[in-house]
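Each chain, written out:
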Amino acid sequence: MQDGLEMELECRPEGTKFDHVREVCDHPENVECYNPDRCELEEDGSIIPAETCTNFHICRNGVKSDEITCVPEGTLFDYNRRVCDHPENVVCWGDEAEVTEPTTEGSGTTLEPTRPPVPEDIPSDICRGIVIDILPHPGDCTQFVVCVLGQPSVDSCPPDYIFYPQVGVCGYGNTETCEIDPRWLEDYMREQERLEMEAMSG
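Residues numbered from 1 in each chain as written. Predicted model: local features only at pLDDT ≥ 70, side-chain atom pairs only at ≥ 80, totals over all residues. Heavy atoms only, no water.

(A) Just the sheet that holds strand 9 (residues 132–136), in detail. One open sheet accounts for three strands, arranged 9-10-11; its pairing is antiparallel. The open sheet has two edge strands, strand 9 and strand 11 (151–156), and neither has a second partner. Strand-to-strand twist of the sheet, defined as the mean angle between neighbouring strand axes without regard to direction, takes the value 25°. By the bridge criterion, five bridges tie strand 9 to strand 10 (residues 143–148) in an arrangement that is antiparallel. When the bridges of strand 10 are listed, Leu135 appears paired with Val145. (Pairing = 2+ DSSP bridges. Helix = DSSP H or I, 4+ residues; strand = E, 2+ residues; numbered from the N terminus. Axes fitted to C-alpha atoms, helices over the stretch in contact; angles between N-to-C directions.)

Set out below in structure tokens:
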């Protein structure tokens, strides 16, 4: 910007590119180029970072949403894993991405993040890019993984029940061999069809 006019300049030396976050010209391998239409290259439902490390966008039909703030309060958005996490575990988008200070209550005490740690037997990126979904536990058929805004949490099925990935619910099955009960699944599917028919006719 010079004398109130916007000017376009080329990076020097030749071959370098402009890093949008650090506002410097650098070698291409060190640069994060600005791409306002990044969602055009992402799958529907993907989560991408905002310019502020506390926020992120969700891609819908090639368009990014308004900025969404990480929860719980005090967490930041990790650029690599695409999840909100404790600040000490986070790599922000760009070394100098703006970080908004956590808000405080009247007592002046900073609110601590309350996100539970991910169990060691769960891949840290299992929910990457997922807005909301329920996934099978990778090592225990009596448990399942709940993904919300890229953050995983583990829950358990009731006794004598296992998780049915094909329908995303817990149902009766063999908890030792993880074999499903075909009769239970058939009854469940029939009941779902009945409920759908009632909803359509009602």
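Back to the write-up after that little detour.
(B) Unusual backbone geometry, seen in detail. One non-glycine residue with positive phi stands out, namely Asp160, at about 70°. With respect to the helices and strands, Asp160 occurs in the loop between strand 11 and strand 12 (161–164). The phi dihedral of Cys178 is positive, around 65°, even though this residue is not glycine. Considering the arrangement of structural elements, one finds Cys178 in the loop between strand 13 (169–172) and helix 1 (182–201).

(C) Region of interest: the pairing of strand 12. Across four bridges, strand 12 lies against strand 13 in antiparallel orientation. Pairing of Tyr164 across the sheet is with Val169, part of strand 13. What sits between the antiparallel neighbours strand 12 and strand 13 is a turn of four residues, in which Gly168 has the positive phi angle 70°.

(D) Main features of the environment of Pro13. Relative to the elements of secondary structure, Pro13 occurs in the segment before strand 1 (17–19). The class of Pro13 is exposed, set by a relative accessible area of 56%. Spatially, the C-alpha atoms of Pro13 and Asp26 are 8.8 Å apart, while their sequence positions differ by 13 residues. (Buried < 20%, exposed > 50% of the residue type's maximum accessible area, 1.4 Å probe, protein only.)

(E) Inspection of the packing of aromatic side chains at higher detail. On inspection of all chains with the given rule, the structure shows four aromatic pairs. Taking the centre distance of 4.8 Å and the plane angle of 40° together, the rings of Tyr164 and Trp184 count as tilted. Taken together, the positions of Tyr164 in strand 12 and Trp184 in helix 1 put the pair 20 residues apart, joining distant regions of the chain. For the residue pair Tyr164 and Trp184, the accessibility class agrees, reading buried in each case. With a centroid separation of 5.3 Å and 10° between ring planes, the pair formed by Trp184 and Tyr188 is classed as stacked. With Trp184 and Tyr188 both in helix 1 and four residues apart, the pair spans about one turn of that helix. Here the two residues Trp184 and Tyr188 agree in accessibility, since each one is buried. (Phe/Tyr/Trp six-rings, centres within 6.5 Å; stacked < 30°, edge-to-face > 60°.)

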